[in-house]
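# Tertiary structure, described
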Amino acid sequence: GNTHIIVGNADTRILLYGDKDDIENEVKRCIALGRGCPGYFMAVGNHIPPNTPVDNCLYYNEFYEKTAGGSGSERTAAQRSTSILADAAVLSIYI
């Protein structure tokens with residue numbers, strides 16, 4: 001966390017099969033694991049299957065944004081970068 005970057009590890013099965021409560025719990029779980037590590041980037045732990053509901057992916061990103069805390073300059077560089085990774089993961093299902 002202080003000397004290395006840790007990326008991951010949201011379970012893509014939650015996005016594929018879960019509901020909003022499942023997605024919220026997964027985001028909270030990942031944030032709790034990485035909160036003490038300044039080099040932590042929350043991202044999915046694998047590719048997003050092409051049959052994943054788009055609404056679930058969008059909700060994952062929306063809930064992360066709301067839960068990560070703060071906005072703009074109040075957020076750490078890692079949190080802002082993580083948001084970019086989350087956006088990229090959501091966009092990857094459209095390609």
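Please refer to the structure placed before this passage.
Rules behind the numbers
- Residues numbered from 1 in each chain as written.
- Predicted model: local features only at pLDDT ≥ 70, side-chain atom pairs only at ≥ 80, totals over all residues.
- Heavy atoms only, no water.
- Axes fitted to C-alpha atoms, helices over the stretch in contact; angles between N-to-C directions.
- Helix = DSSP H or I, 4+ residues; strand = E, 2+ residues; numbered from the N terminus.
- Parallel < 35°, antiparallel > 145°, perpendicular 65-115°, else oblique.
- Left-handed = near helix turned anticlockwise from the far one by under 90°.
- Contact = heavy atoms within 4.5 Å.
- Nonpolar A, V, L, I, M, F, W, Y, C, P; charged D, E, K, R; others polar.
- Salt bridge = Lys/Arg side-chain N within 4 Å of Asp/Glu carboxyl O.
- Buried < 20%, exposed > 50% of the residue type's maximum accessible area, 1.4 Å probe, protein only.

### Description of the packing of helix α2 (residues 20-34) against helix α3 (residues 54-68)
To characterise two packed helices, one gives the angle between the axes of the helices and the distance between these axes. Where α2 meets α3, the closest approach of the two axes is 9 Å, and the angle between their N-to-C directions is 45°. The pairing of α2 with α3 is recorded here as oblique in orientation. Two packed elements cross with a definite hand, and for α2 against α3 that hand is right-handed. Between α2, through K20, I23, E24, V27, K28 and I31, and α3, the contact on the second element is made entirely by N56, Y59, Y60, F63, Y64, T67 and A68. Here the residues of the contact of α2 with α3 are counted per class, giving eight nonpolar, two polar and three charged.

### Details of the pattern of salt bridges
Within the structure shown, the criterion is met by two salt bridges. As a salt-bridge pair, D11 and R13 come within 2.7 Å of each other at their nearest N and O atoms. Given a relative accessible area of 23%, D11 falls into the partly exposed group.

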